[in-house]
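# Structural characterization, general
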Amino acid sequence: QVQLVESGGGLVQTGGSLRLACAASGGTFSGYTVGWFRQAPGKERVFVARIRSDGTTDYVDTAKGRFTISRDNIKNTVFLQMNSLKPEDTAVYYCAAGWWSPNSPASGMNYWGKGTLVTVSS
């Protein structure tokens, strides 16, 4: 069973950039779909981005053009490059791994990390 650990969160200014990393241990996730989700204060967890084993990507509309998900299978790590950050992006960001569910990203995820906090100041 794979374990996921997120890193790279912190406090940034509006318009700034941040790169999150999701490192896997206990096994490789090269054959898995890996995704990023976030939970803002007082809100439910929502989908942000995901990448399939073949490199296919998917993003929530609010992230398109600003966020880029990528993976390094040699390092067993998935990244989320976040540019042009907005206060609305403030949330705890979670990494997850599983399978590509066409209409419900979270339903296909079997493994979850504990999250990393991203705070965007206005």
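Residues numbered from 1 in each chain as written. Predicted model: local features only at pLDDT ≥ 70, side-chain atom pairs only at ≥ 80, totals over all residues. Heavy atoms only, no water.

## Here we look at the environment of Gly-65
Cut-off, in case you're wondering: Per the convention used, a helix needs a DSSP run of H or I reaching at least four residues, while a strand needs a run of E reaching at least two, with both numbered from the N terminus. Under the scheme applied here, a residue whose accessible area is under 20% of the maximum for its type counts as buried, over 50% as exposed, and between as partly exposed, the area being computed with a 1.4 Å probe on protein chains only.
The topology assignment puts Gly-65 in the loop between strand 6 (57-59) and strand 7 (67-72). According to the relative accessible area criterion, Gly-65 is exposed, its value standing at 85%. Considering only alpha carbons, one finds Gly-65 and Asn-83, 18 residues apart in sequence, at a separation of 8.6 Å.

## Here's the deal with the pairing of strand 8 (residues 77-82)
Within a regular strand, side chains alternate between the sheet's two faces. The criterion, for reference: Should DSSP find at least two bridges between two strands, the strands are taken to pair.
Among the six residues that make up strand 8, five are buried, leaving the element largely enclosed by the rest of the structure. Summarising the sheet, strand 3 (residues 18-25) and strand 8 pair through six bridges and their orientation is antiparallel. Each bridged residue has a counterpart across the sheet, and for Leu-18 the counterpart in strand 8 is Met-82. The loop that links strand 7 with its antiparallel partner strand 8 comprises four residues; one of these, Asn-76, has a positive phi angle of about 55°.

## Looking at the state of the cysteines
To keep things clear, this is the line we draw: The disulfide definition used here is simple: a pair of cysteine sulfur atoms within 2.5 Å.
Per the counting criterion, the structure on display carries one disulfide. Paired by a disulfide, Cys-22 and Cys-95 hold their sulfur atoms 1.9 Å apart. Given an S-S torsion of about -75°, the disulfide between Cys-22 and Cys-95 has left-handed geometry. In this pair, Cys-22 is assigned in strand 3 and Cys-95 in strand 9 (residues 91-98), connecting sequence segments 73 residues apart.

## With respect to the environment of Val-118
The condition that has to hold: Contact criterion: two residues are considered in contact whenever any of their non-hydrogen atoms come within 4.5 Å of each other.
Mapped onto the fold, Val-118 is located in strand 11 (residues 116-121). With a relative accessible area of 0%, Val-118 lands in the buried category. Separated by 78 residues in the primary sequence, Val-118 and Ala-40 place their C-alpha atoms 9.5 Å from one another. With residues near it in sequence (within four places) discarded, Val-118 still touches Gly-9, Gly-10, Leu-18, Leu-20, Met-82, Asp-89, Thr-90, Ala-91 and Tyr-93.

## Overview of the side chain of Thr-116
Where we set the bar: Polar contact is defined as a pair of N or O atoms within 3.5 Å, subject to the rule that within protein one atom must be able to donate a hydrogen and the other to accept it, and that residues adjacent in sequence are counted only when both atoms are side-chain atoms.
Locating Thr-116 in the fold gives a position in strand 11. Here Gly-9 takes part through its backbone nitrogen, which lies 3.1 Å from a polar atom of the side chain of Thr-116. Ignoring anything within four residues of it in the chain, the contact list for Thr-116 reads Glu-6, Ser-7, Gly-8, Gly-9, Leu-20, Ala-91, Val-92 and Tyr-93.

## Here we look at the side chain of Glu-6
Examined against the element boundaries, Glu-6 turns out to sit in strand 1 (residues 3-7). Polar side-chain contacts of Glu-6 include one of 2.8 Å to the backbone nitrogen of Cys-95. Polar contacts involving the side chain of Glu-6 include one to the main-chain amide nitrogen of Gly-115, which spans 2.8 Å.

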